[in-house]
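What follows is the residue order along each chain.
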Amino acid sequence: MHKGGRIIASLIIFVGLFTIPFFYNMGKANAGPEIDAQQLANFQSIEPSINMVANHPQLFNQWRNQFVQNGQTVYVNSEGKSIDISLEKLAGDSSNQFCVSCHNYTAVKPTCWDCHSGPEGARK
Amino acid sequence: MFEKALTGSKRYWAWIFFLLAVIALGVMAYLRQFNEGLGLTGMSRDVSWGLYIAQFTFLVGVAASAVMLVTPYYLHDFKRFGKLVILGEFLAIAAVIMCILFIFVDVGQPMRILNVLLYPQLHSVMFYDMCVLAGYLVINLVVGWTTLGAEKKGTPPPKWVKPIIYLSIPWAFSIHTVTAFLYAGLPGRFFWMTAIMAARFLASAFAAGPALLILLALLVRKLSKFDPDPGIGAIQSLVKIIRYAMIANVFFYICEVFTAFYSNSPDEMAPFKYVFFGLDGHTSLVPFMWTAAVLAIVGIALLIFPTRENKVLLPIALLSIFLANWIDKGIVLIIAGFVPNSFERVTEYFPSGNEISIVVGIYAIGALIITVLYKIAISVREQNQI
Amino acid sequence: MSVNRRQFLKRAGALTALGLGGSFVLTGIRGKIADAASQTPSYQKQKQGLVAKHWAMVVDMSKFKTEEDIERVIQSCDTIHNIPDFGNKKDEIKWIWKDDFEHTFTESKNEYLTENFKELPFMIMCNHCENPPCVKACPTGATFKRADDGIVMMDYHRCIGCRFCMGACPFGARSFNYRDPKPHIKTINPDFPTRTIGVVEKCTFCVERLEKGLKPACVEASKGGLIFGDLDDTNSEVRKIISSKFTIRRKSELGTQPSVYYLVGGEESV
């Protein structure tokens, strides 16, 4: 192989650099998010027909557009339950760290709480 | 063809690295603005547009002015412009890219800028402006690159570019017309709401753009073996266009001043008073406006008389015309549109250091694009000359 | 490896197509789950919300006797809407404020007016024009006119901060968040969102209160100085005043048709 030694050495350096995060975190406990089963159930009950954990961003985007653009401020879910569209109420109701701890764990930083008040620690 | 930009003299690389350094300073200034907001600029609640939008407006004109070469050469078969036309097209590419950058640095939420395409508003002039600018960029990239590529191979440009070249002619007019409509359709902004705004824009563009182009061509002649005008009178033909465009521009301006002052309409007069004499003791634009007026007259005079053939005086005349238009459009027009404000109060605008760094950075990006594109064009030409 | 470029592109293309198809399948499944539920989700307005065809305001300055009357109204808006105070004019944000007669009605002043008259205070806010130039200018629809009640609304989520609307508004009613407003808000009202850096904002006739059945905060605080109602309803108080008394609007010659009317020489002449 032409210049084989150099290529292999470079590859080792490359692999080394890219695996730093794995070695850095090796052996550290990976604490999951603190999720209260009741809170999760409440959250899921907002719209039982979809998987809320997976699809709430889309639903909330729809809420936002209906609320601001069309002045439709009440959401009637698939079970006929009326819910006031309000990020403040949503986060305030649970008065918990449910949203925050899950978002922190998955490193998802939505900009919602830049302006809307949220649970403690949501706004950084 | 791009490889031609990667080989060059020491002077070429020194210039490239100098521009990169200026760009780096601009990027740093922009990052500061990105984090802290447009509060770092001199713009305010009353003067909500400043240098950025003014440069955008001016550069749309520079971009559109390529049509002053394309039309004679392709439509009227005016062979003299044969060697200049590619320089015009490449200048247009750099100018449009600068325009887009100036818009980008001006918006408060740059990450959302694609909302303009996600939620297109057919009643907003800005939507059309974005469309025509993007289209003009694509047209000039395609036309410039294919014609130069054909030239490199020594073949005539492919047939399919011809329609695109013809399309570029009305398109060039449209970009500056639509930009003028941004301003000319706003009720209550009397300095802008004038029917001849688009005409004024085109006239000043067709003076400033080609003036810059000739200055660049003179530089190219000096710095390379390629002569864009080897004694065929291309430059002098373009000088005629510049002269008449500038005279038309000044004429339109006088029309504006006449209407405002003869009608004695206070709303119409106030901004003109502000730029020429100052209003309520605020005079920051007065020195600029008078400089522009003097430069415009000097420039026209030098181009009317045989002084236009003089090797020393011609660049001075062109520089005067370029600067006169830059002051008028790149500084005064936008700022004075906000003075007096809707409460007939005067709020002045002074750009901040950070803002100026960003402006200089974007001009450096433009200069870099021009340098690289011209380097490619020149290399192809030099090669063909041998 | 014996994959040439053409083959690679083909395979990559096929994989991409599969990926896209896969996501369609998923959406399909999600759709089925929704069908299985008893009803499709829908949106409604609040039942107790105030409704009108054309919200309008009459400003009766004769009711504003003291500086305190004016300040109270401005404060009522500033506190509930989290209006920041930057302490400078350049970055200033205001939804409702006061200015004097001379500068509010620039076209109506004359040189013989006494200083007292020239300095008469007037409340100023967004005019919620029938023909709003800001809405025409907005390239994203972030500011729009509500079809059902004529309120000129802002969507802060969509605004790109181009400030074309500020150039277009002939009334100076719009403010831009040149800086992050949050550190400059005295006490944040948690029930109303603050704004983020780089968006334009303005008075919205308190849409968030209207939907709860409440009149705008300034109207409530004005003790009768600001009269709010449906201009399309012939029995409303605003309609009666506007049709039978002498009211003026700011810059009506521009044709934007402001919905804020100023009652001059109200019950007592000024």
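A short tour of the structure in this document, coming up. Just so we're clear, the structure is a prediction, and the values are computed from it rather than from any experiment. (Residues numbered from 1 in each chain as written. Chains lettered and ligands numbered in written order. Predicted model: local features only at pLDDT ≥ 70, side-chain atom pairs only at ≥ 80, totals over all residues.)

### Observations concerning the overall build of chain C
Test applied: Runs of E in the DSSP output that reach at least two residues are strands. Runs of H or I that reach at least four are helices, and both are numbered from the N terminus. In this scheme every C-beta is placed from the backbone, and a residue whose C-beta has 20 or more other C-beta atoms within 10 Å is buried, one with 12 or fewer is exposed, and one in between is partly exposed. C-beta atoms are first placed from the backbone for all residues, and any pair lying within 7 Å is then listed as a contact.
The secondary structure content of chain C amounts to nine helices and eleven strands. Across the 270 residues that make up chain C, the buried fraction comes to 42%. Counting contacts in chain C only where the partners sit at least 6 residues apart, residues at least 24 apart contribute 64% of the total.

### Points about the interface of chain C and chain B
Our working rule: Asp, Glu, Lys and Arg are counted as charged, while Ala, Val, Leu, Ile, Met, Phe, Trp, Tyr, Cys and Pro are counted as nonpolar; the rest, among them Gly, fall into the polar class.
With 39 residues of chain C in contact, the opposing surface of chain B contributes 30 residues. Taken together, the elements giving at least two residues each to the side of chain C that touches chain B come down to helix H5 (133-137), helix H6 (164-168) and strand S7 (175-176) of chain C. Among the elements that take part in the side of chain C that touches chain B, H6(C) stands out by supplying four residues, more than any other. Taken together, the residues of the side of chain C that touches chain B break down into 17 nonpolar, twelve polar and ten charged.

### Structural notes on unusual backbone geometry
Of all residues except glycine, most have a negative phi; of all peptide bonds, most are trans. Backbone torsion omega between Val339(B) and Pro340(B) reads -10 degrees, so that peptide bond is classified as cis. Residue position: Pro340(B) is located in the loop between helix H12 (313-336) and helix H13 (353-385). Positive phi is not limited to glycine here, since Asn82(C) has a value of about 55 degrees. Its place among the elements puts Asn82(C) in the loop between helix H2 (67-80) and strand S3 (96-100). Given 23 C-beta atoms within a 10 Å radius, Asn82(C) is considered buried. At Phe205(C), a position not held by glycine, the phi torsion is positive, near 55 degrees. On the secondary structure map, Phe205(C) appears in the loop between strand S8 (200-201) and helix H7 (207-210). Since 26 C-beta atoms lie within 10 Å of it, Phe205(C) is described here as buried.

### Regarding the arrangement of the chains
Looking at the two pairs of chains with contacts, the pair that accumulates the most is chains B and C. The closest approach of any C-alpha atom in chain A to one in chain B is 12 Å; the two make no contact.

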